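A closer look at the structure
Okay, here's what each chain looks like letter by letter:
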Amino acid sequence: MCLSLVESATLDWAPIVSETSDASDITIRPATPADAEAISRLVGDLSRRFITPDYSALGAATLLSHQTPEAIAKCLDEGMHYLVAEADGVLVGAAGLIRERRHLYHLFVAADRQGQGIGRLLWAELTTGLESGQITVNSSRVAIGFYERLGFRSSGPPWEKDGVVAWPMVWNPPPAQTPAAAENLSCS
Ligand SMILES: CC(C)(COP(=O)(O)OP(=O)(O)OC[C@H]1O[C@@H](n2cnc3c(N)ncnc32)[C@H](O)[C@@H]1OP(=O)(O)O)[C@@H](O)C(=O)NCCC(=O)NCCS
């Protein structure tokens, strides 16, 4: 399969306009098994809208098979660090990190709440307290620009498996400030 390069894959992006303009009403909490159904619905709906239209039928079926309530429940059961974002008790975001592999597995925000900082908030919460080091993600085509804003960079050409296409990216922590560099920055 011929896949375009990451640089040429980024899309023009503008958030869908909604009445709520920021993330001030958002609560973030760890997901529980009782959330599996709602997470599956959110993530599946977003995948059908933003990701699988680019895929073959095989790719769509493969991706969605990893997003069933059972598949989500299994992730939670296996101890994935998984958070949900809620507004007035309604699930509007979901994010999962495989801590041992330092791999961002899911990051999804409801279409009418995108562009309000919820994705960035989920990322910040997900990585709070995590030991410093690289974090990887296999980005969808639509999310490349978002990950770049978070500081991720392309780590290779897009790959395809069972019809699922992804853009590998990596996030590196900012270099630690040396005492000398800190001195140079001080006001004295
Ligand atoms: C990608 C996604 C999680 C981003 O969530 P979000 O809540 O809309 O993102 P935020 O509002 O926190 O945006 C953070 C920054 O990225 C920018 N941004 C968000 N989406 C972007 C995009 N698609 N392209 C370029 N920039 C984007 C925002 O302008 C913002 O910039 P700034 O704060 O540096 O000024 C969300 O759009 C989504 O769920 N998309 C569909 C599903 C998907 O593809 N998920 C990724 C699976 S790997």
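Starting afresh in each chain, residues are numbered from 1 along the sequence in its written order. Residues qualify for local features only when their pLDDT is at least 70, as the model is predicted, and side-chain atom pairs are given and counted only at 80 or more; totals for whole chains, interfaces and linings, by contrast, use all residues.

**Comments concerning the overall build of the protein**
- Within the protein, the secondary structure is distributed over 7 helices and 8 strands.
- We call a residue exposed when 12 or fewer other C-beta atoms sit within 10 Å of its C-beta, buried when the count reaches 20 or more, and partly exposed for counts in between; the C-beta positions come from the backbone. Per-residue burial over the protein gives 28% buried out of 188 residues.
- In this description, a residue-residue contact is defined by the distance between C-beta atoms placed from the backbone, which must lie within 7 Å. By sequence separation, contacts in the protein at least 24 residues apart represent 66% of the contacts at least 6 residues apart. Helix and strand assignments come from DSSP, with helices taken as H or I runs of at least 4 residues and strands as E runs of at least 2, each series counted from the N terminus.

**What to know about the packing of helix 2 (residues 36–51) against helix 4 (residues 69–77)**
- Throughout, an axis means a line fitted to C-alpha atoms (over the contacting stretch in the case of helices), and angles, computed between N-to-C directions, take values from 0 to 180 degrees. Two elements in contact, helix 2 and helix 4, have axes whose closest approach is 8 Å; the angle formed by their N-to-C orientations is 120°. Classified by the interaxial angle, the pair formed by helix 2 and helix 4 is oblique. Viewed along their axes, helix 2 and helix 4 form a crossing whose handedness is right-handed. On helix 4, the residues touching A36, E37, I39 and S40 of helix 2 are P69, I72, A73 and L76.
- The class makeup of the residues in the contact of helix 2 with helix 4 is 6 nonpolar, 1 polar and 1 charged. Oblique is the label for every angle not falling under 35 degrees (roughly parallel), over 145 degrees (roughly antiparallel), or within 65 to 115 degrees (roughly perpendicular). We call a crossing left-handed when the near helix sits turned anticlockwise from the far one by less than a right angle, and right-handed when that turn is clockwise. Each residue receives one of three labels: charged for Asp, Glu, Lys and Arg, nonpolar for Ala, Val, Leu, Ile, Met, Phe, Trp, Tyr, Cys and Pro, and polar for the others, Gly being one of them.

**Points about the nonpolar core**
- Among buried residues, those of type Ala, Val, Leu, Ile, Met, Phe, Trp, Tyr and Cys that are joined through C-beta atoms within 7 Å form a set called a nonpolar core. Core analysis: the largest hydrophobic core is formed by 35 residues, its most contacted members being I39 and L122.
- It is helix 2 that contributes the most residues to this core, 5 residues altogether.

**Observations regarding unusual backbone geometry**
- Of note, the phi angle at D88 is positive, near 55°, even though the residue is not glycine.
- For D88, the location among the structural elements is in the loop between strand 2 (81–87) and strand 3 (90–98).
- Positive phi, normally seen in glycine, also occurs at R102, with a value near 50°.
- The partly exposed category is assigned to R102, around which 16 C-beta atoms lie within 10 Å.

**Quick word on the pairing of strand 4 (residues 103–109)**
- Among the 7 residues of strand 4, 5 are classified as buried, and the element is accordingly described as predominantly covered.
- Any two strands are treated as partners once DSSP identifies two or more bridges connecting them. By the bridge criterion, 6 bridges tie strand 3 to strand 4 in an arrangement that is antiparallel. In the strand pairing of strand 4, I98 is matched with H103.
- Note that strand 4 and strand 5 (residues 135–139) share 2 bridges and pair parallel. The partner of H103 across the bridge, within strand 5, is T136.

**Some words on helix 2**
- Of all the residues in helix 2, the buried ones are A36, I39, L42, V43, L46 and I51. The arc that holds every buried residue of helix 2, seen down its axis, measures 135°, which confines them to one face.
- Structurally, helix 2 contributes buried residues whose contacts are with helix 3 (57–65), helix 4, strand 2, strand 3 and strand 4. Think of it as the arc spanned by the lines of direction from the helix axis to the C-beta atoms.

**Let's talk about the confidence of the model for the protein**
- Here pLDDT means the predictor's own confidence in every residue, given as a number from 0 to 100. In the predicted model, the protein carries a mean pLDDT of 89, and the fraction of residues at 70 or more is 84%.
- Segment residues 1–8: pLDDT under 50, and 11 contacts once partners within four positions in sequence are set aside and those in other chains are kept.

**Structural notes on helix 5 (residues 118–127)**
- Of all the positions in helix 5, only I118, G119, L122, W123 and L126 are classed as buried. Burial along helix 5 is one-sided: seen end-on, the buried residues are contained in an arc of 140°.
- Buried residues belonging to helix 5 abut strand 1 (26–30), strand 2, strand 3, strand 4 and helix 6 (144–150).
- Looking one or two residues past helix 5, G129 carries a phi angle of roughly 80°, positive in sign.

**Let's talk about the environment of P174**
- Mapped onto the elements, P174 comes out in the loop between strand 8 (164–171) and helix 7 (179–185).
- According to the C-beta neighbour criterion, P174 is exposed, with 7 such atoms within 10 Å.
- For the pair P174 and G133, spaced 41 residues apart in the sequence, the C-alpha separation amounts to 9.5 Å.

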